[in-house]
Amino acid sequence: MLIGFIAIVIFGGLLIGRAFYFQMIEGGRLRLLAREQFHTQIYFTPERGNIYSSDGSILATSIDMPGIAVDPLMVKHKLKNAEKLSGLTGISFKKIIEILNKKVQFAWISKRVSVALAKNAGKLRIAGVIIVKQPVRYYPDGKLLSHVLGFVGINDNGLSGIEYKYNNFLKGNRRALKVLHDGLGQYIFIRGFGLRKATHGDNIYLTINKQLQFITQYYLDREAKATQSKGAFAILMNPNTGAILAMADYPSFNPNYYWKYSARYWRNRAVTDDFEPGSIMKPFIISGALQDGIVKPDTIINGYHGSYHFDGITIHDVENKFGRLNINQLIEYSCNVCACQVGMKMGKKRVWYWLKRWGFLDRPHAGLLGESSGIIRPLSVWSKVGPCEESFGQGAAVTGLQEAVALSAIANGGFLMKPYIIKKIVDPYGKVLFKAKPKVIRRVITAKTDKEIKYMMRLVVKGGTGEYAKLIDFKVSGKTGTGQVINPKTGKYYKNKYTASFMAFVPYRHPKLAMIVVQEDPLKISYYGGAVSAPVVRDVFKNALDILNVYPRGDAYGEQFSRGKNNSGGSKVKKAFVRRGVMSDLRGDTIYKALEFFSRYNIKVKIYGSGFLYYQSVRPGSDLNNKRTVILKFKPRDRSS
């Protein structure tokens, strides 16, 4: 008995000592190890932050989309129920059976299904089948601004555009459900255990004005289709701040179904594509020559009737009619021969200097994905005729955004502004994490030089190559361009491929808008920028100024209104022409389609919300004559329908 007692005491002491060692000394480490071995998490997609236009309209949001999941251990009559689920979802019977035979308590059948399909799955009344809702990215306006916004992949990470570039702000924190699993790795699902709430992503507000974006995209699409262009883009900016108000590309794509389009549709040509600008480069080089005192507005240069031979090359103009021109006329009629001679007077160093001053050697850093810095050859490899070629936009490649920024500097008095598209970033609790402020990069030219080049660009629209951009009630300043396209295989220019461009700002004296339109290889109507790109600018300016409540001043009123005598002998002012019409039933239409309807009438349209029209202040069938304003309200379509 004594020996037995001693043995028990020793054995018990060893057990207590061992227990003390494991629980007290090694307890923390072993608990952590156990947690790692037996605990895991099933992650659910968090709700991404919204993307808004400058006025707060939703451009990209997240909506709850149902998914079908199952607890295989609860499912009875698996063969029969697998057949039902396969017939409903379209998933193969074999795959459904594999899911139902798993020794787990949670498994996905399909992560994303329609609301109708989810309802039908519930009607099957299969024990263990559950409907789980997860947020999915949704773009209520479809193709609108798609190249800028980009899209989100199935794993809820941004794959393109703003969605990709600002993914860390937008994606939020994942939601997780903690579960236990056994030594074989099989889930022991404990309902309601360890649910951690997801954190909504930060919200991003763009500088994009939604109404301006609609009209820009509408008129660009219309003209590009008419000319059968291979591609086209347009940029609309506030020249005084550098804010991008609209940016459209053709052809466009619907980011809700991005996988249905090839990758070439996703590219934002306005910032990624380099092109030889042609004559839209002339104002920037000529302004440098004016600033350097090499020429004056009245300096006379021989145009040699459109053909100039020197140093083994020949420079041509479109029409062989230009004799002696002054610098004003050089810009007005876009004379290559005269521009070439100005460039040669400036020399390599000064032309290269002015290209750099205008920002054509730098990436704009506007906050967009894929911004290019253009292609300007190093000065060391320029040939003797380099200054000549650069003066009328050959030998260098730039982006539309670079051109828009430089144009804005001419419009605002000579200040190169930093472009930007992010207005502000706000966290889920309303705290402003970032807010953009206009930033001057540098002053490029003096007020005197700026005034001179502005006047020259005014002549382009008044009676030169840009007459198609004329407005009745506002003075427009602009410049046309027709650039040749390089054949990458031969290194020589195609004989029948061009880029047709036009850039302009309005109003002439106090510009509020600056815009560039570029069409790549237009096949119909014309390949000249003044013929196929200037009309887009004209139509956008006409509508945009009204949307922004910018009204004409001074003599412009005399052109816009006709005057007549009233009964008292005094004068009265009335519109010279008001288009009559009958209000249609636009309910269910997109903003894009609704604006297309009102583009025929001189009526101001106020838009609220986004998605599809559900309210119009003028009833269908009403006379639109004398209607000044129409209010339209939109909301996303009910996804259950």
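None of these values were measured; they are calculated from a predicted model. (Residues numbered from 1 in each chain as written. Predicted model: local features only at pLDDT ≥ 70, side-chain atom pairs only at ≥ 80, totals over all residues. Heavy atoms only, no water.)

### Some points on the overall build of the protein chain
The cut-off we apply is this: Helix numbers and strand numbers start at the N terminus; a helix is a DSSP run of H or I with at least 4 residues, a strand a run of E with at least 2. The classification of residues rests on relative accessible area computed with a 1.4 Å probe and restricted to protein chains. Under 20% of the type maximum is buried, over 50% is exposed, and intermediate values are partly exposed. A contact between two residues is defined here by any heavy atoms of the two lying within 4.5 Å. Per-residue and other accessible areas follow the Shrake-Rupley method at a 1.4 Å probe size, with only the shown protein chains counted as cover for residues.
Of the regular secondary structure elements, the protein chain holds 21 helices and 27 strands. Within the protein chain, buried positions represent 51% of all 641 residues. Summarising the internal contacts of the protein chain: among those between residues at least 6 apart in sequence, 71% fall at separations of at least 24. When the accessible surface of the protein chain is summed, it comes to about 31600 Å², and 54% of that surface belongs to carbon and sulfur atoms.

### A short note on the sheet that holds strand β10 (residues 231-237)
Two orientations exist for strands paired in a sheet by backbone hydrogen bonds: parallel and antiparallel. Defined as follows: Here a strand pair is declared whenever DSSP counts at least two bridges between the two strands. Axes, fitted as lines to C-alpha atoms, cover a helix only where it is in contact. Angles between the N-to-C directions of the axes lie from 0 to 180 degrees.
Read from one edge to the other, the open sheet built from five strands follows the order β11-β10-β22-β21-β20, with strand pairing classed as antiparallel. The strands lining the two open edges of the sheet, one partner per strand, are β11 (244-250) and β20 (477-486). Between one strand and the next, the sheet's axes are offset by a mean angle of 10°, whatever the strand orientation. When β20 meets strand β21 (residues 493-506), the two strands line up antiparallel, connected through nine bridges. From the neighbouring strand, Thr-480 faces β21, where its bridge partner is Phe-502. Relative to the sheet, helix α19 (residues 534-547) contacts β10, β21 and β22 (513-520), its axis offset from that of β22 by approximately 150°.

### As for the packing of helix α9 (residues 210-227) against helix α21 (residues 591-598)
Heads up, the condition is: An angle below 35 degrees is treated as roughly parallel, one above 145 as roughly antiparallel, one from 65 to 115 as roughly perpendicular, and anything else as oblique. Residues are grouped as follows: Ala, Val, Leu, Ile, Met, Phe, Trp, Tyr, Cys and Pro are nonpolar; Asp, Glu, Lys and Arg are charged; all remaining types, including Gly, are polar.
Here α9 crosses α21 at 70°, and the two axes come no closer than 10 Å. By the angle class used here, α9 and α21 are roughly perpendicular. For the pair α9 and α21, the contacting residues are Lys-210, Gln-211, Phe-214, Ile-215, Gln-217, Tyr-218 and Asp-221 in the first and Ile-591, Tyr-592, Leu-595 and Glu-596 in the second. Classifying every residue of the contact of α9 with α21 by side-chain character gives six nonpolar, two polar and three charged.

### Some details on the sheet that holds strand β27 (residues 629-635)
Read across the open sheet, the three strands follow the order β25-β27-β26; overall the sheet is mixed. Two strands lie at the open edges of the sheet, namely β25 (604-609) and β26 (612-616), each paired on one side alone. Pairs of neighbouring strands in the sheet enclose a mean axial angle of 30°, with direction left out of account.

### A short note on the state of the cysteines
For clarity, the threshold we go by: Cysteine sulfur pairs qualify as disulfides if the two atoms are within 2.5 Å.
A complete count under the given rule lists one disulfide for this structure. Shown here is the disulfide that connects Cys-340 with Cys-388, its sulfur atoms set 2.2 Å apart. Because the sign of the S-S torsion sets the handedness, a value of about -110° for the bond joining Cys-340 and Cys-388 places this disulfide among the left-handed ones. Within this pair, whereas Cys-340 is found in helix α13 (residues 336-346), its partner Cys-388 is found in helix α15 (residues 386-391), the two being separated by 48 residues in sequence. Cys-340 gets classed as buried once you look at its relative accessible area, which sits at 0%. According to the relative accessible area criterion, Cys-388 is buried, its value standing at 0%. Here Cys-335 is not disulfide-linked; the sulfur of Cys-338 is the nearest cysteine sulfur, at 3.4 Å. Residue Cys-335 is classed as buried on the basis of its relative accessible area, which comes to 0%. The buried category is assigned to Cys-338, whose relative accessible area is 0%.

### A short note on the environment of Pro-511
With respect to the helices, strands and loops of the structure, Pro-511 is situated in the loop between β21 and β22. A relative accessible area of 5% places Pro-511 in the buried class. In sequence terms Pro-511 and Pro-239 are 272 residues apart; their C-alpha atoms lie 7.3 Å from each other. Excluding residues that lie within four positions of it along the chain, Pro-511 makes contacts with Pro-239, Asn-240, Ala-411, Lys-454, Phe-505 and Val-506.

Shape descriptors only; they carry no functional weight alone.
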